[in-house]
Structure formats: structure tokens, C-alpha cells
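Observations on the model geometry
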Amino acid sequence: MRRSASLLRVLLVFITMVGTQWSNVSSTYCKDMASSVYRPHSVTITEFGAVGDGVTLNTKAFQNAIFYLNSFADKGGAQLFVPAGRWLTGSFSLISHLTLSLDKDAEIIGSPDSSDWPVIDPLPSYGRGANGTIDGQGAIWWDWFHSNTLNYTRPHLVELMYSTDVVISNLTFKNSPFWNIHPVYCSQVLVQHVTILAPLNSPNTDGIDPDSSTNVCIDHCYVRNGDDVIVIKSGWDEYGISFARPSTNISISNITGETRGGAGIAFGSEMSGGISEVRAEGLRIVNSMHGIRIKTAPGRGGYVKNVYISDVSMDNVSMAIRITGNFGEHPDDKYDRNALPMISNITIENVVGVNVGVAGILEGIEGDNFSSICLSNVSLSVQSMHPWNCSLIEGYSNSVIPESCEQLRTDCGQTPICYDGGSSSAIHAQAARHRLSSASRLLNPLLKLAML
């Protein structure tokens, strides 16, 4: 029987917390945040009795090391180094002003024993867990999920809560029981040069999920998994509406992704606190179900607005663009069915796709048309005889192949309301603006999947 207190403690694998000051948020802030910081104090996990044989449980060693290093938090911080080996552990929590550094041949692996993962309270913006229970060795958790034998939500591989100035960099994460990297109620978060791997049929193994967080930069990552590569969230139905903490000021760039069950970039469906000011560029999406997706439903409330996506290449994608107004379950039966989401100011431009099944299905909600959906310079080689299916949406398009659906056929070059990603105000989309983007150079970056 599912209990409401359903989130397990997570396996926190690598985090650097730094004191960089962030000013106005744009894609340039990614360059302002260093991926490393000098720590005057350092210890090795073996000093606390840890054994890297893949068998010995090292939870106490990690907990004791971090407890000791907490004494240096006000003295410039400290580093915990994990040498080569396989380090089995249950959950442990990190502290401020800490660098957890791994040798290139070190691997932290999660215990397959659920008793090593204490249950923690559910997130206040969700009300309960979303699905089912753990491990950086996620196969056992996927089996429990499929057999409906879980009492709690599966744990994330990394979950950051109420954290500021965080860097996750130069690591590989694999076989998460549930979502991989989940910054929730955070600000100033940088995820860069990260590889995330899980079987293509693994359930809900989202790559990177900024959730009710601000000033987030995700750059130069490779994700191959069973669900959304990158997905932005902000709480679930009445809990997210009440908690009222949006995700905003998010920059995503230089991402290569492959997912059988999700999208290259997605929004929602838990978006009840609101999502806005998102800029995503340089996306390479291959062998996937969806390219770009927005998911919501009556009862969510909230909004997804001021989203700019550009320079996207797709190969062997079932559906290039999908906006869904009736997606997902609800945490309980107390949600307000009249809480309708607002979806507006969504711009998608400079997109190239080959071997695409369907160009797009764009569906709003009765009485809640999704508005200012703008497509520009989109060229898709589509297999379907009916490339577009649109209902209950309003918007604009320019230079779209195959020709966009009727609801979007007003030329966005003649309107002042297509969002450009630079500010919250809408701008003129210039019809003649057909600059050469790297999206037109499809095959070279798309097929260099072995580079990471």
C-alpha cells in the first residue's frame, strides 16, 4: 500500500558548492561559474575505513567523513576524495562548502538493499511520491516498479534540495532507479560535461530535472536513457500551486540525447508552480520518441511561458514537436479541475530533422487555448502523410516544411509577439532571418555520439 511519505533518500554522487555571485541570468552566466574551487582541507574516504571492493558497505564511512569535514565549512571548505575502486553505499547527505571528487576510475554504487535508504518526507510541492523506490544499480528497482511491489517512490541518483551555488561536472551517472539529477528548490546550479546512461527501456530514468529552481545552466551533456533527456518541472497540482515556487531563468546548451520513452527536451507535466524564461540551444536528438515536448493537464494550473528553443537537429525521431493538454495522473482527488494551465510565448526555430515520423501534434485544452506558439525555419523530412495535427492552439509560423497546421499559418515575420529568448517582452520575428545555424550541419554532430 502506497504511503504519502514516499520519497527515499537519494544517492548524492558529486557536487561542488561554490560562492560565485550571479547577476543577470542569461546563457552567459554559464561562463561565469567555475567548475572547480580550491579547498584548503582534503581527506580521502579510505581514512574513514571505506573499502572499494564493490561488496563492503561504506555508508558509515561517507557519513563520518562528511561529519568531520563540516568543521571546515567556515574555513574555506573541504574536499572528500574517492580513489579508484567500486564504493558500495546507501544514502548520505552532503554539506555546504564541500567538493566530492572522484578519481577517473572510481565508481560509487548504490546498495540494492532498500533498508539502506531511509524514507524521507515527500516534497511539499508534490504531496506524495510519483511512482514507486533505489540504487545506482537500478535494475532491481525497475523490476520492483514493473511488478507493482513498491511502497515508496524510487530514489533519485542525485537530489539537491534548497541548495545554492552548486556544480556537477565531469562525471558519468548510470542506472538510476528513478530520475538521475534532480535539483529542487535550488538556485545557481551548473551541470556540465556530464554523461548519463540507462537502458532505453528503463522506466522514468529522466536525465536532468530542474524543479522549482532558478538560475540553472545545463551545458555539454550526453544522455541516453529511458525517459526525458532534460525536463523542467515545478510541482504537482494543488501542492505545486500552493507552494508557488517556479522554475525560471534556465539555460540549456550543447546537449546530445537518445531516449526511447521520452523527449529530448520536455516541460512538465508537473508544472503547477510555473515555468518561464527558458533558453535551449544546440540540441542533438536521435533515435527517440519525441524531440520537443510540453506536457500538462486540467488541474495543473501554473504556466509554461517565455520559452525559446533553437538550433535543434533530429534523426530518427517519432514525433518532432508535441504539446499535450491532457497528460499524466494526479497526486490525489483533491485537485481543482478548473485550474487550467497557461501555455504561451513558445518559440521554436532553426530546426532540422531527418527520418521523422510525424512533424507535430499540438493540442490545447477546451476553453484554454495555448497561445503564441511560434515556429520559424523548421525543416523536417517526415514520413507521415499527415504531418501536423493541431487543435485548441493559436500561433504563428514562417518557413516551415512541411507546411504547418492552419492554426499557425499567420506569418510570424509579420507579428510582434514571438518570444526571442532575450527578455520577457515579445519581439518581431524577422521573416528574412535565415542565418546559418549549426542545426543545418546535421549529420556531423548527430553521429558523433561516441565522443563522450
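What you see is a predicted model, and the numbers here were worked out from it, not measured in a lab.

1. Here's the deal with the side chain of S313
Relative to the helices and strands, S313 resides in strand β19 (residues 303–324). Of the residues examined, S313 reaches a relative accessible area of 0% and is grouped as buried. Among the polar contacts listed, one links the side chain of S313 to the side chain of R284, at a separation of 3.4 Å.

2. Re empty space enclosed by the protein
Looking at the second largest cavity, its volume works out to about 30 Å³. Lining the second largest cavity are V229, I255, T256, G257, G264, L283, R284 and I285. Broken down by secondary-structure element, the contributors of at least two residues to the lining of the second largest cavity are β16 (247–259) and β18 (275–295). Residue classes in the lining of the second largest cavity are distributed as 4 nonpolar, 3 polar and 1 charged.

3. Some thoughts on the packing of aromatic side chains
All chains considered together, the criterion is met by 7 aromatic pairs. Between F62 and F92 the ring centres are 4.6 Å apart and the planes differ by 5°, which places this aromatic pair in the stacked class. Of this pair, F62 sits in helix α2 (residues 59–69) while F92 sits in the loop between β6 (85–89) and β7 (98–102); the two residues are 30 residues apart in sequence, bridging distant segments of the chain. Each member of the pair, F62 together with F92, is buried. Arranged with centres 4.9 Å apart and planes meeting at 40°, the rings of Y162 and Y185 form a pair that is tilted. A residue pair is termed long-range when its members are at least 10 positions apart, and Y162 in the loop between β10 (158–161) and β11 (164–174) and Y185 in the loop between β12 (181–184) and β13 (187–197) qualify at 23 residues. Take Y185: its relative accessible area is 1%, and that puts it in the buried class. One aromatic cluster is present, built from ring pairs that chain together F48, Y68 and F72. Over the ring of F145 we find R154, and its NZ or CZ is 4.1 Å from the ring centre. Cation over ring: R337 sits above Y335, and NZ or CZ is 4.6 Å from the ring centre.

Quick notes on the rules
- Residues numbered from 1 in each chain as written.
- Predicted model: local features only at pLDDT ≥ 70, side-chain atom pairs only at ≥ 80, totals over all residues.
- Heavy atoms only, no water.
- Helix = DSSP H or I, 4+ residues; strand = E, 2+ residues; numbered from the N terminus.
- Buried < 20%, exposed > 50% of the residue type's maximum accessible area, 1.4 Å probe, protein only.
- Polar contact = N/O pair within 3.5 Å; in protein donor to acceptor, adjacent residues only side chain to side chain.
- 1 Å grid on protein atoms, 1.4 Å probe; cavity = no way out; pocket = protein on both sides within 12 Å on 5 of 7 lines; lining within 4 Å.
- Points joined across faces, edges and corners; volume = space filled by probe spheres on them.
- Nonpolar A, V, L, I, M, F, W, Y, C, P; charged D, E, K, R; others polar.
- Phe/Tyr/Trp six-rings, centres within 6.5 Å; stacked < 30°, edge-to-face > 60°.
- Lys NZ or Arg CZ within 6 Å of the ring centre and 35° of its normal.

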